[in-house]
Every structure is written in C-alpha cells, then in structure tokens.
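Take a look at the letters that make up each chain.
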Amino acid sequence: MFQWLKGNAYSMIATLSDNYITLNNCAANHFSDIRWCMIGLDQKNKRLAIKPVTKSDIDLGLYPAEKLHRVNLGKGYARIANRNLMKSLAEITNYPLSDNIKYSATFDENDMMLIVDLTSKED
C-alpha cells in the first residue's frame, strides 16, 4: 500500500533570506504582469503582506513612491530584494534569514495581496 506524500506544485511559498524574498512559481503567478509591490508587516500576528502595484496605480499616484519595492521576475519565481527590509524581518521573526527559511503563503482575493504566515515554516 502506498502512502501519498504532500506535494508543493500548488502551494504558495515565500522564501526569506538575508537579502531578498523569493516567491515560488505558484505565488509568483499573481505578479506576472507586476514590476512593483508594497510590503506590509503585521507584527502582532507575524504576517507579511505583499501587495502587487500595477503600472496604472503608479501612473495615477495611488501609492507613495517611497513605499514601493521592485519585483524582479525570473523563470518560475519572483524576487524582491531589499536588505534593510530583510533585517527588520529577521528581528521580528527571530530566525536567522541566512538559512533561507520557507513560509507558506495565501493570496487574499478581497484585498489583492499575498499573505505570508511567518509562524508557518515549510520543510
């Protein structure tokens, strides 16, 4: 009898390292036409929000430029690089981000943002 193992083909995963946040292919699909995002932190509930920002949002001036983070898209992933942001996250999570820690994520369709649960490490 076989016991089927959990796969991650449809799991959204964000990997935090000392320099950047990397989103796997499933999570990056929500950023396929996006080059900018905003990042929010819920310190009480230890959650990270990544909100895609469209070019038209930028053109309309809906968000302050100093709140925007660049999203770099690769083949099968998206990456947000910001060393200062990662230092802040390391302090909040109390985890050494040099270990490239993976966290589960979900996309909130109502608020149109990716929510990373900093209490749920992935193996």
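Residues numbered from 1 in each chain as written. Predicted model: local features only at pLDDT ≥ 70, side-chain atom pairs only at ≥ 80, totals over all residues. Heavy atoms only, no water.

Q: What is the right way to look at the environment of Leu118 in this model?
A: Structurally, the position occupied by Leu118 is in strand β9 (residues 113-122). Given a relative accessible area of 1%, Leu118 falls into the buried group. (Helix = DSSP H or I, 4+ residues; strand = E, 2+ residues; numbered from the N terminus. Buried < 20%, exposed > 50% of the residue type's maximum accessible area, 1.4 Å probe, protein only.)

Q: Is there a simple way to explain the pairing of strand β7 (residues 77-81) in this structure?
A: On a regular strand, one side chain projects to one face of the sheet and the next to the other, so that they alternate. A one-sided burial pattern is seen for β7, the buried positions being Ala78 and Ile80 and the unburied ones Tyr77, Arg79 and Ala81. Sheet topology note: the strand β2 (residues 20-23)/β7 ladder contains 4 bridges and is antiparallel. Following the sheet pairing, Leu23 is matched in β7 by Ala78. Alignment of strand β6 (residues 72-74) against β7, held across 3 bridges, turns out to be antiparallel. Across the sheet, residue Gly74 finds its bridge partner in β7, namely Tyr77. Taking the residues between adjacent antiparallel strands as the criterion, β6 and β7 are bridged by 2 residues, where Gly76 takes a positive phi near 90°. (Pairing = 2+ DSSP bridges.)

Q: Help me understand the sheet that holds strand β8 (residues 101-108) in this model?
A: Two modes of strand pairing occur in sheets, parallel and antiparallel, and in both the strands are linked by backbone hydrogen bonds. On the basis of which strands lie adjacent, the open sheet formed by 9 strands has the order β5-β3-β4-β9-β8-β1-β2-β7-β6 and antiparallel pairing. Every interior strand has two partners, whereas the edge strands, β5 (68-70) and β6, have only one. Pairwise comparison of adjacent strand axes, ignoring direction, gives a mean angle of 30° for this sheet. Inspection of the sheet shows strand β1 (residues 12-16) paired to β2 by 3 bridges, in the antiparallel sense. Paired with Leu16 across the two strands is Ile21, which belongs to β2. The strands that helix α3 (residues 83-93) touches are β1, β2, β3 (36-42), β4 (47-53), β7, β8 and β9; relative to β2, the one it contacts most, it runs at about 85°. (Axes fitted to C-alpha atoms, helices over the stretch in contact; angles between N-to-C directions. Contact = heavy atoms within 4.5 Å.)

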